[in-house]
Structures are given as C-alpha cells and as structure tokens.
Amino acid sequence: MAPCGMAQNVEPLTGFYRDGCCESGGDDVGVHSVCAVMTAEFLEFSRAQGNDLSTPMREHGFPGLVPGDRWCLCASRWQEAFEAGAAPAVILEATHARTLEWCSLTALQAHAASA
C-alpha cells in the first residue's frame, strides 16, 4: 500500500499507527483506512460532527489540517460525508481494503484523486 501522509510530508504522520499509512488492524476500532485529500467543505463537515481536524493542538504536536493535506480518515466518517455530499477525494492506492466494510468501491472510485 502506498503511503498517505500530509501534503507537506511533515509531522505528525497520519494513520492509526502514525506511520504515514492508512493501515488498519483489529486494534483500530475507528478504522482509519481512507486516505483522503482535505477540502474546506469536508473540514467544516467534520468539525460540525464533533471532530475538529483544522484547529492546531500544539500540545499533541498537531498543526491542524488545511485543504490539500492528506490524512487517514475513519471509513465511517468518510461514508457520512459521502452521504451528506461533502466527501473529500480519495487516494485509492493509499486506502486500505478494510474500507470496503464501510464504503462502496463505486463511491470511492467516483471520488478518486491521483496520487
């Protein structure tokens, strides 16, 4: 699987295991498996759902995400955004197959971006 990582390719690394990849195993109950390219629309949608990804949390070394950054999203959050018409683009090569437990391949392919 290709790495996802932030567009700037700096810390913090994305992914449940913080290795820059959207690997997902049994210990990842959130299934952080979708490599997505952030958009202003999605960041606002996520904030409205209670997961603010754009505000920096310096105490955790997190600079906050901006449009264009790549980040491993929870498959269920991407699906919610898809159903609400706010799904960000997906880097298929960096998205874990476990995503298909939550999202259809057709929907993911329709939102595919180039790596």
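Shown above is the structure to which this text applies.
These figures come from a predicted structure and were not determined experimentally. (Residues numbered from 1 in each chain as written. Predicted model: local features only at pLDDT ≥ 70, side-chain atom pairs only at ≥ 80, totals over all residues. Heavy atoms only, no water.)

A. The nonpolar core, seen in detail. Formed by 21 residues in total, the largest nonpolar core has its most connected members in Val 34, Met 38, Phe 42, Leu 65, Leu 73 and Trp 78. Within the second largest apolar cluster, seven residues are counted, among which are Cys 35, Val 37, Cys 72 and Ile 91. (Core = buried A, V, L, I, M, F, W, Y, C linked by side-chain atoms within 4.5 Å. Buried < 20%, exposed > 50% of the residue type's maximum accessible area, 1.4 Å probe, protein only.)

B. Focus on the pairing of strand E2 (residues 70-74). The element E2 is extensively covered by neighbouring structure, given that four of its five residues are classed as buried. Here five bridges tie strand E1 (residues 32-37) to E2, and the two strands are oriented antiparallel to one another. Across the sheet, residue His 32 finds its bridge partner in E2, namely Cys 74. (Helix = DSSP H or I, 4+ residues; strand = E, 2+ residues; numbered from the N terminus. Pairing = 2+ DSSP bridges.)

C. Geometry of the pairing of E1. Of all six residues making up E1, five are buried, and the element is well covered by its neighbours. With two bridges connecting them, E1 and strand E3 (residues 89-90) associate as antiparallel partners. Residue pairing across strands places Ala 36 opposite Val 90, the latter belonging to E3.

D. Highlighting the sheet that holds E1. Taken in spatial order, the three strands of this open sheet run E2-E1-E3, and their pairing is antiparallel. Lying at the two open borders of the sheet, with one neighbouring strand each, are E2 and E3.

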